[in-house]
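# Residue-level structure breakdown
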Amino acid sequence: MSDAKSAIATLGRIRRVVVKIGSSVLADESGLATRELGRLAREIGVLRERGLSVTIVSSGAIAAGRTVLGGGRPRTIPQRQAAASVGQIRLMAEWERAFARQGVTVAQILLDAEDLASRHRYLNAEDTISALHRGGILPIVNENDTVAVDELKFGDNDHLSALVASLVGADLLVLLSDVPGLFESDPRSDPDAALIGVLERIDAKTLDRAGDEASPLGTGGMRSKLEAARRAAHAGIACVIADGRKPGTLERILDRTRDEGTLILPHADRIARRKHWIAFSREPRGRLVCDEGAVRAVRSRGKSLLPSGVTAVEGRFRRGDSVALLDPAGHEFARGLVAYDAADALRIAGRPSREIDRILGFDEGAALVHCDDLVLLDDDGES
């Protein structure tokens, strides 16, 4: 199928949309760009009138709050949290005011990484957002910057938006920023750089070409957006990276009346939502180094990881935590939920499963990581 036909077929099936709006769209050096926010609210209202279920992931809280605190870009965690606590009120007040003009009620959902790392809290968040949609209320999600510390942060709202898209079962993730999309070369140095309309797959080379530079008002650059798009693609979710400052962008994306942004196609071999959660919602707390036989058994034959195939145990983790599975060269080839605490895993590593009860005095099962709780990763460290 040609790129154009793939794009039309993909966007013709959209029912649920997550729209992530970056700080570079919603704020400037003087604070919130209220006119832009109002325009986007009207455009999102049009999507809802067309019968689409929309969830917003909104940046802008820190950018809105920092002007009140009278300084430049916050650098320390307390500075960011203070700016977020001031700005979050202003951001939601503007969203509420903008959507009230259309008769739409909004709800605020604040999440940190721990909320989505816990399966129980993840499902609670899913139920809450579903209940809001059923009531005709528009959920607006943001990272809970006021309390999150580095180990509990998503890193940027691009990552959060990909997780939210999977959580709500979206068909499309739209990442709106101040760039038109992904170019074949850097348009800042190459005036003839061509915009890539459709991208079938994101590999390491694509990520390297994107670079890491973020806008002065946000934390996520093009690489961050491509990583989010790739994670969404693994869940069978299409993604468009586009310029949110241009009026009508959202409608043009859905109508595909003319090329708008870069469309990243979803993977045909999508992974189940629970395994997507295992792969992307939880940072590994430890590492299990495996011998070649264990790597082959897990990767090629879909087997569980047994203690006998583990040569080293690294990190401090508890039963049920996420761990990375490494091959003898140290490359992560899989990720999963471990069945034993780190201290117990260390004691049974390299031993046959029949000896677990004798060594530990109890038996939680023959596998250190069961195949049902395990996700294979590609060469780039993605599922």
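Right, let's walk through the structure included here.

Each value, and the rule that gives it
Residues numbered from 1 in each chain as written. Predicted model: local features only at pLDDT ≥ 70, side-chain atom pairs only at ≥ 80, totals over all residues. Heavy atoms only, no water. Helix = DSSP H or I, 4+ residues; strand = E, 2+ residues; numbered from the N terminus. Buried < 20%, exposed > 50% of the residue type's maximum accessible area, 1.4 Å probe, protein only. Contact = heavy atoms within 4.5 Å. Areas by Shrake-Rupley, 256 points an atom, 1.4 Å probe, with all protein chains shown as cover. Salt bridge = Lys/Arg side-chain N within 4 Å of Asp/Glu carboxyl O. Axes fitted to C-alpha atoms, helices over the stretch in contact; angles between N-to-C directions. Parallel < 35°, antiparallel > 145°, perpendicular 65-115°, else oblique. Left-handed = near helix turned anticlockwise from the far one by under 90°. Pairing = 2+ DSSP bridges. Phe/Tyr/Trp six-rings, centres within 6.5 Å; stacked < 30°, edge-to-face > 60°. Lys NZ or Arg CZ within 6 Å of the ring centre and 35° of its normal. Polar contact = N/O pair within 3.5 Å; in protein donor to acceptor, adjacent residues only side chain to side chain. Expected span 1.5 Å × (residues − 1).

Turning our eyes to something else, we now look at the overall build of the chain. Broken down by element type, the chain carries 15 helices and 15 strands. Within the span of the chain, comprising 383 residues, buried residues form 53% of the whole. By sequence separation, contacts in the chain at least 24 residues apart represent 72% of the contacts at least 6 residues apart. Surface accessibility of the chain: about 17200 Å² in total, with carbon and sulfur atoms responsible for 47%.

The next point concerns the pattern of salt bridges. Under the counting rule described, the total for this entry stands at 19 salt bridges. Ionic pairing is found between Arg39 and Glu36, a salt bridge with its closest N-O pair at 2.6 Å. Of this pair, Arg39 and Glu36 both sit in helix H3 (residues 34-49), three residues apart, roughly one helical turn. Classification of Glu36 as partly exposed rests on a relative accessible area of 24%. Two residues, Arg282 and Asp321, come together in a salt bridge whose shortest N-O distance is 4.0 Å.

At a closest axis distance of 10 Å, the pairing of helix H8 (residues 157-167) and helix H12 (residues 273-280) adopts a crossing angle of 160 degrees. As the angle between them shows, H8 and H12 are arranged roughly antiparallel. Here H8 and H12 pass one another in a crossing that is left-handed. Taken together, the residues of H12 that come into contact with H8 (itself represented by His159, Leu163, Ser166 and Leu167) are Arg273, His276 and Phe280.

Our focus in this paragraph is the sheet that holds strand S13 (residues 322-326). Taken in spatial order, the five strands make up an open sheet running S12-S11-S13-S14-S15, and their pairing is mixed. Both outer strands of the open sheet, strand S12 (310-315) and strand S15 (374-376), are each paired with one neighbouring strand and no more. Across the sheet, the mean angle from the axis of one strand to that of its neighbour is 20 degrees, orientation sign disregarded. Pairing between S13 and strand S14 (residues 332-337): five bridges, direction antiparallel. When the sheet's bridge partners are listed, Leu326 is paired in S14 with Glu332. Here H12 sits on the sheet and contacts S13, S14 and S15; the angle it forms with S14, its principal contact strand, is near 110 degrees.

Within the structure shown, the criterion is met by three aromatic pairs. Across the ring face of Trp277, the terminal group of Arg119 is positioned such that the distance to the ring centre comes to 5.0 Å.

So, about the sheet that holds strand S6 (residues 138-143). Strand order in this open sheet of eight strands is S5-S6-S4-S1-S7-S9-S10-S8, and the pairing throughout is mixed. Each edge of the sheet is formed by a strand with only one pairing partner; in this case those strands are strand S5 (106-111) and strand S8 (198-199). In the sheet, S5 pairs with S6 via six bridges, with the strands oriented parallel. Its bridge partner lying in S6, Ile109 is registered against Val141. Each of strand S1 (16-21), strand S4 (53-58), S6 and strand S7 (172-177) is contacted by H3, which is oriented at about 155 degrees to S4, the strand it contacts most.

Before going further, it helps to spend a moment on the side chain of Arg282. Turning to its location among the elements, Arg282 is positioned in the loop between H12 and strand S11 (286-290). A distance of 2.4 Å separates a polar atom in the side chain of Arg282 from the backbone oxygen of Ala117. Looking at Arg282, its side chain comes within polar contact range of the main-chain oxygen of Gly320, at 2.7 Å.

What follows concerns the environment of Val164. Relative to the assigned elements, Val164 resides in helix H8. Note on Val164: relative accessible area 1%, which makes it buried. For the pair Val164 and Lys20, spaced 144 residues apart in the sequence, the C-alpha separation amounts to 9.9 Å. With residues up to four places along the chain from it excluded, the contact list for Val164 reads Val18, Thr55, Val57, Leu111 and Val141.

The next subject is the pairing of S6. Of all six residues making up S6, six are buried, and the element is well covered by its neighbours. Burial along S6 is two-sided: Leu138, Ile140 and Asn142 and Pro139, Val141 and Glu143, pointing in opposite directions, are all buried. When S4 meets S6, the two strands line up parallel, connected through two bridges. Residue pairing across strands places Ile56 opposite Ile140, the latter belonging to S6.

Let us now look at the environment of Leu360. One can find Leu360 in helix H15 (residues 356-360). Along the chain, Leu360 and Arg347 lie 13 residues apart, while their C-alpha atoms are 7.8 Å from each other. What Leu360 contacts, discounting residues up to four positions off in sequence, is Tyr340, Asp344, Arg347 and Ile348.

In this model helix H10 (residues 222-234) runs 19 Å from its N-terminal to its C-terminal C-alpha over 13 residues, within 8% of the 18 Å that 1.5 Å per residue would give. Most of H10 is tucked away, with eleven of its 13 residues classed as buried. Turning to H10, its buried residues are Met222, Ser224, Lys225, Leu226, Ala228, Ala229, Arg230, Arg231, Ala232, Ala233 and His234. Within two residues after H10, Gly236 carries a phi angle of roughly 80 degrees, on the positive side.

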